[in-house]
Amino acid sequence: MTLYAIIFMILAVFMAMFALFVRMKAMKRPANVKKILIPPLAMSTGFLMFLYPPVREITSLEVIEAFAVGLLFSIILIKTSSFEIRGKDIYMKRSKAFPFILIGLLVIRLVFKLALGIYFEYEVLAGMFFILAFGMILPWRIAMYVKFKEVERQLNLFKSETERDWKVEPENPTP
């Protein structure tokens, strides 16, 4: 293994820990549609890496495989992500499994990188892992959006019922 590979593995670990920290901190603030949908949109700019010629060596089959693995990983995230109403806001429920899932995904990624690194150029492998990550985040965020909208509908229904219950009607309305 080259020094180049070791440095990138260490950077990947630090990035994962930073992502874990950011996600855990974000759960303390109310959720909204923007916070759910912006990450995959912002991440989509990473497809610009495919303008770099060595990254374009990925075959169609490798793209499909990477995206499919991402879809499989997204199922775990979808199953462990949910929302709750606290007061008048919607928050993402804290999952005890979430940090372990993120760390597990990092370990799996590093193992794949070590195992597949001898068969692929680093640029191609980076492109495949980007597609895998996008294939994981996109369905997860879409599922989060659907779950959020459902909880938001419940909250709005509760608010309208509460307002209706507190609405004061005059005793003798004039005709």
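Up top is the structure these notes are about.
How each quantity is defined
Residues numbered from 1 in each chain as written. Predicted model: local features only at pLDDT ≥ 70, side-chain atom pairs only at ≥ 80, totals over all residues. Heavy atoms only, no water. Helix = DSSP H or I, 4+ residues; strand = E, 2+ residues; numbered from the N terminus. Buried < 20%, exposed > 50% of the residue type's maximum accessible area, 1.4 Å probe, protein only. Contact = heavy atoms within 4.5 Å. Areas by Shrake-Rupley, 256 points an atom, 1.4 Å probe, with all protein chains shown as cover. Core = buried A, V, L, I, M, F, W, Y, C linked by side-chain atoms within 4.5 Å. Polar contact = N/O pair within 3.5 Å; in protein donor to acceptor, adjacent residues only side chain to side chain. Arc of directions from axis to C-beta.

1. Observations regarding the overall build of the protein chain
Inference 1: Scanning the protein chain from N- to C-terminus turns up five helices and two strands.
Inference 2: Burial analysis of the protein chain (175 residues in total) assigns 31% to the buried set.
Inference 3: Within the protein chain, residue pairs in contact and separated by at least 24 positions form 82% of the contacts whose partners lie at least 6 positions apart.
Inference 4: Summed over its atoms, the accessible surface of the protein chain is roughly 11,800 Å², and 70% of this surface lies on carbon and sulfur atoms.

2. Side note on the nonpolar core
Inference 1: Ranked by internal contacts, the top residues of the largest apolar core, which has 31 residues, are Phe83 and Phe98.
Inference 2: Counting residues per element, the ones that place at least two in this core are helix H1 (3–26), helix H2 (33–43), helix H3 (60–80), strand S2 (89–92), helix H4 (98–116) and helix H5 (122–166).
Inference 3: Sort the elements by how many residues they give to this core and H5 lands first, with 13 residues.
Inference 4: Discounting residues that sit within four places of it in the chain, Phe98 has contacts with Leu20, Arg23, Met24, Met27, Leu77 and Trp140.

3. Description of the side chain of Ser81
Inference 1: Mapped onto the elements of the fold, Ser81 is located in the loop between H3 and strand S1 (83–86).
Inference 2: The buried category is assigned to Ser81, whose relative accessible area is 3%.
Inference 3: A polar contact of 2.8 Å, which involves the side chain of Ser81, links it to the side chain of Trp140.
Inference 4: If near-sequence neighbours (up to four positions away) are discounted, Ser81 is found in contact with Met92, Trp140, Met144 and Lys147.

4. Overview of the environment of Met92
Inference 1: With respect to the helices and strands, Met92 occurs in strand S2.
Inference 2: Spatially, the C-alpha atoms of Met92 and Met24 are 9.9 Å apart, while their sequence positions differ by 68 residues.

5. What about H2?
Inference 1: Listed as buried for H2 are Ile36, Pro40 and Met43. Down the axis of H2, the buried side of the element spans an arc of 75 degrees, and every buried residue falls inside it. Every exposed residue of H2 that faces more than 90 degrees away from the buried side is listed here: Lys34 and Leu41.
Inference 2: Between a side-chain oxygen at the N-terminus of H2 and the backbone nitrogen of Lys34 the separation is 3.1 Å; the capping residue is Asn32.

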